[in-house]
Amino acid sequence: MSAAAHAKKGIAARLAEAAVLAALFALMYGVTRLFPGIHGGIGTIAAVGFLLLAGTLTCSLLEPFGLPHLTGYLLAGVVAGPHLLSLVDHQAVVDLTPVNGLALSLIALAGGAELRLPMLRQNLRSLSWATLVQNSLGLALVTAVFVAARPLVAFARDLPTAALVGVALLWGVLALTRSPSAVMGVLAQTRASGPLTNFTVGFVMTSDVVVVVVLALVLTLVRPLLEPGAVLSAAAFGAVGHELLGSISVGTTLGLVLVAYLRFVGKALVLVFIAFGLVLTEVIAYLRFDWLLVFLVAGFVVQNLSRQGEKLLHAIEGTGEVVYVIFFATAGAHLDVPLLRELWPVALLFFVARALVTALSARLSGRLSDDPPLLRRWGWAGLLSQAGITLGIAASIAREFPSFGPGFGALALASVGLAELVGPILFKVALERAGEARGGEAAATDPGAAG
Amino acid sequence: MSPLVVLTVLLVAAYLGTFLFGGRLIRGRGLASGAEFLVLGFLAGPEMLGLVGPELLAAFRPLTLVAIGWVALEVGLEYGFLGQRRIPLGHLALGILGGLATAALVAAALGGLLHWLDPAAGPFLRSREHLLLAAGAGIALAETTRHVVRWAVERHGAAGPLTGVLLGVTDADDLVPLVGAGLLFALFPAGPAPWVQGPGGWLGVTAVLGAVLGVVGAVLLGRDFRSNTLWGVLFGTSLMAVGMAARLDLAAVAVAFAMGLALALTSRHRARIREAAASIERPVLLPTLLIAGASIDLSSHPGLPLLAAAAIGARLTGKWLEGLALLAGSPATRRAGPLLGLGLASSGAVSVTVGLAFALRFPGPIGSTILALAAAAAVAGEFIGPAALRASLRRAGELPEPAPAEAEAAATRP
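Residues numbered from 1 in each chain as written. Chains lettered and ligands numbered in written order. Predicted model: local features only at pLDDT ≥ 70, side-chain atom pairs only at ≥ 80, totals over all residues. Heavy atoms only, no water.

1. So, unusual backbone geometry
Part 1: Residues other than glycine seldom take positive phi values, yet A:Arg288 does so here, at roughly 65 degrees.
Part 2: For A:Arg288, the location among the structural elements is in the loop between helix H13 (269-286) and helix H14 (291-304).
Part 3: Its identity is not glycine, yet B:Asp249 carries a phi of approximately 60 degrees, on the positive side. (Helix = DSSP H or I, 4+ residues; strand = E, 2+ residues; numbered from the N terminus.)

2. Considering the packing of aromatic side chains
All names here are of chain A.
Part 1: Applying the stated criterion to the full structure yields 21 aromatic pairs over all chains.
Part 2: Seen from their ring centres, Phe155 and Phe404 are 6.5 Å apart, and the 15 degrees between their planes marks the pair as stacked. Separated by 249 residues along the polypeptide, Phe155 in the loop between helix H8 (124-148) and helix H9 (161-176) and Phe404 in the loop between helix H19 (388-400) and helix H20 (405-433) bring together distant segments of the chain. As far as burial versus exposure is concerned, Phe155 and Phe404 are alike and both buried.
Part 3: Geometrically, the ring pair formed by Trp171 and Phe350 is tilted, given 5.2 Å between the ring centres and 50 degrees between the ring planes. Taken together, the residues Trp171 in helix H9 and Phe350 in helix H17 (residues 337-368) connect sequence positions 179 residues apart.
Part 4: Since its relative accessible area comes to 4%, Phe350 is described here as buried.
Part 5: Cluster of aromatic residues (ring-pair linked, three or more members): Phe146, Phe155, Trp171, Phe350, Phe401, Phe404 and Phe408. (Phe/Tyr/Trp six-rings, centres within 6.5 Å; stacked < 30°, edge-to-face > 60°. Buried < 20%, exposed > 50% of the residue type's maximum accessible area, 1.4 Å probe, protein only.)

3. Some remarks on the pattern of salt bridges
Part 1: On inspection of all chains with the given rule, the structure shows 17 salt bridges over all chains.
Part 2: Notably, a salt bridge pairs A:Arg14 with A:Glu17, separated by 4.0 Å at the nearest N-O pair. Taken as a pair, A:Arg14 and A:Glu17 lie in helix H2 (residues 11-34) at a separation of three residues, close to a single helical turn. Both residues of the pair, A:Arg14 and A:Glu17, belong to the buried class.
Part 3: The structure contains a network of salt bridges with shared partners spanning B:Glu74, B:Glu78, B:Arg146, B:Arg150, B:Asp171, B:Asp174 and B:Glu281. (Salt bridge = Lys/Arg side-chain N within 4 Å of Asp/Glu carboxyl O.)

4. Side note on the side chain of B:Arg146
Part 1: Here B:Arg146 is to be found in helix H7 (residues 146-156).
Part 2: For B:Arg146, a relative accessible area of 5% puts it in the buried group.

5. With respect to the side chain of B:Ser238
Residue and element names in this part refer to chain B.
Part 1: Turning to its location among the elements, Ser238 is positioned in helix H11 (residues 227-247).
Part 2: Residue class for Ser238 comes out buried when judged on its relative accessible area of 8%.
Part 3: Residues in contact with Ser238, not counting those within four places in the same chain, are Trp70, Leu73 and Met259. (Contact = heavy atoms within 4.5 Å.)

6. What to know about the confidence of the model for chain A
All names here are of chain A.
Part 1: Scored by pLDDT, chain A has a mean of 85; 94% of the residues are at 70 or more.
Part 2: Of all helices and strands in chain A, the one with the weakest mean pLDDT is strand E1 (residues 445-446) (38), whereas H8 scores best (94).
Part 3: Below a pLDDT of 50 lies the segment residues 1-7, which in the model reaches 16 contacts outside its immediate sequence neighbourhood of four places, other chains included.
Part 4: Confidence over residues 440-451 falls short of pLDDT 50; this stretch has 32 contacts with residues more than four positions distant or in other chains. (pLDDT = per-residue confidence, 0-100.)

7. Comments concerning the nonpolar core
Part 1: Counting 283 residues, the largest nonpolar core has A:Phe146, A:Leu170, B:Phe358 and B:Leu373 as its most contacted members.
Part 2: At 13 residues, helix H11 (residues 195-226) of chain A tops the list of elements feeding residues into this core.
Part 3: In contact with A:Leu170, other than residues within four places in its own chain, are A:Val218, A:Leu219, A:Val222, A:Leu226, A:Ile397, A:Phe401, A:Phe404 and A:Phe408.
Part 4: Counting seven residues, the second-largest nonpolar core is a separate cluster that includes A:Ala216, A:Val240, A:Leu244 and A:Val301. (Core = buried A, V, L, I, M, F, W, Y, C linked by side-chain atoms within 4.5 Å.)

8. Digging into helix H3 (residues 42-62) of chain A
Quick reminder: α-helices carry 3.6 residues per turn. Residues three or four places apart thus point the same way.
Part 1: For H3(A), built from 21 residues, the straight-helix expectation of 30 Å at 1.5 Å per residue is met to within 8% by its first-to-last C-alpha distance of 31 Å.
Part 2: Of all 21 residues in H3(A), 20 are buried, a share of seventy percent or more. (Expected span 1.5 Å × (residues − 1).)

9. A word on the packing of helix H10 (residues 180-190) of chain A against H11(A)
All names here are of chain A.
Part 1: One way to put it is that H10 packs onto H11 with a least axis distance of 9 Å and a crossing angle of 155 degrees. When the axes of H10 and H11 are compared, the pair comes out roughly antiparallel. The hand of the H10/H11 crossing is left-handed. Contacts between H10 and H11 involve Pro180, Val183, Met184 and Leu187 from the first element and Thr197, Thr200, Val201, Val204 and Met205 from the second.
Part 2: Of the residues assigned to the contact of H10 with H11, the class counts are seven nonpolar, two polar and no charged. (Axes fitted to C-alpha atoms, helices over the stretch in contact; angles between N-to-C directions. Parallel < 35°, antiparallel > 145°, perpendicular 65-115°, else oblique. Left-handed = near helix turned anticlockwise from the far one by under 90°. Nonpolar A, V, L, I, M, F, W, Y, C, P; charged D, E, K, R; others polar.)

See below:
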């Protein structure tokens, strides 16, 4: 909620919200403890409802501290999740995967629609330099940090040097991933606009493509280092080519279909989104395309090849905060708190290293592209969040290399947990310092509705 | 059929529902009871084409629960009101008493028949199964769908005092199946709880849970209306209501109904909330009816045809008597003639929803039989109700006589 909306809320309202939150926790706690044995997805229903309400209330209660809504959603999920109070159990978190897919597809669609060609053209120089420097320097320096931190990383301690470099390179790729959902979530709340917003959206949305390519390159290079007997093979590039070109083609087609629908029908858009998010994502995944990229491209096509872009964005905004609450509260519930407690020193080291490397790269690329001071100072802040994409890549690496996979996956989980918690806060602070945050809730408030 | 295909079909049904409800061009297409979707679901289900199997229906159980909860929530939000206008207390009482009378008649008829079919089960309605089946079917068949009168107004331009009375009565009788389900489910709780005593206690928990979540919704929606908060709060509270009810083995429809009532009573944004909830009534309802149709099990009871005949006969009798009571109690209805009650024979969304709630809560012969009876009554009612209603309204002078061409078209249309 915006400062305006926030200012309207008195202490009584806050106390009422806190009481309601406590009552909801107590109600859920009592019922889940009294009747624990629920199967077949029934437990998930109350879990989603609870996360929606608890997330909304927590973010509202955290507002006076200037924290982003996402942090409230995450915290609600962490506290209610299977690792703390277990009001939302493991099964519910797993059952929510399709709903998360739906949320992420909407976020990607909105992200693509935020990429306006004039804005990209205007920022082309900055984005090009930033992409080059962030990815090359980021990969090199984070890899080096990982190698240097070898004694602290249990699963890497006994690896031979070649294998260690291979694992470190894979860790370096993880460091290049960003979180479009976190960026879109903070922007949805702050309704920010300006150079920093444009740069961050442009960079984060296009980084998905870059990461897919870099991952394929690194996988090709490190396989001989990690698997004795494996030879250098460019086969991975064929798969990446198929994935990228296929995703762009499907995304373009989907975008054109959406344009036609928006132009000639334009109704029941939420149902259309649900169909896309629940059904189409499954089909796209079955075809081995990157559905995040598909939806990004579709949003981009609608925005830039038609006049329906604003209509699309308006329709997605119409889903309110439901999408973000579900996505981030579930992400919070997913956060493995005991693991984070165990691995936090190493995870913190890598998080700080990644943050420093990102900030350094932003300075350098800003200088090279002659960015305005604002971008040089704050350009890095929106690039720290990590979430689903990072975890997805970490999981696929863990599957690919079972010898160190479990440890790698666990460390990635812990590291992403920190980035998930700290990243959105930094980005919101940066937007506020840059003077680009406006506060959206005031705009969404309808004063004429009273009574 | 894979779950993905079924989901797609349900989404298409929901999509169609949006247009059937909101599109001017095709407004009013389809039947008031939604029986055509029920039949479509039945045709696709395990009993007929087998396109949807029992495993898939089980996989969609959570979604089905959410959908029936939403239907009940919407009824709760609108209960006691026609648009912005309150339904007069007299009409409310008539509707509730009429629903109760029909429920009692149906339950008695089924109880007697069950006793005759299976005398070994013990004295009349003493066995748990007989009581649950007879009473469950009674309450499921108690209502008259609100849409039958609304569509007479929207489609045929009916207007007048009788129409007003019927609109109120058909809205009011929804209370009987929804609260009745709460009561019957409370007889069979999930397990012992230290602080809940007997069925009355569980019925209290049903009401309090719904009321608390309704008030929570009202508090969260606050003083100033924020459209981006509305859906989160509505979904959050309704999902919690349905999920907790399912966890406690209480009637999700009763909890959601209580929640809707409490929310409408305590929130200053009730008009906006009703408008928002109503906007997705049909998109939720049509897939629900498809699932209900697919869930019908004709082998649920060996005497199902007899039970269906008895239930429908008792329901028609109950509605006819309700019509007579209306004639006696309300001057506005006098000109409608003695067959007015048959105009109330259409059941629909609420009836099938409650039937489906029983089928989900009591899987096996009892739940399946109640659902089958609710579906049979909805289909049978469609053959009698709308035509009888139009005839009564015409007799009362509240619906113009159709022109010959229109009459011919009307004859081909339900």
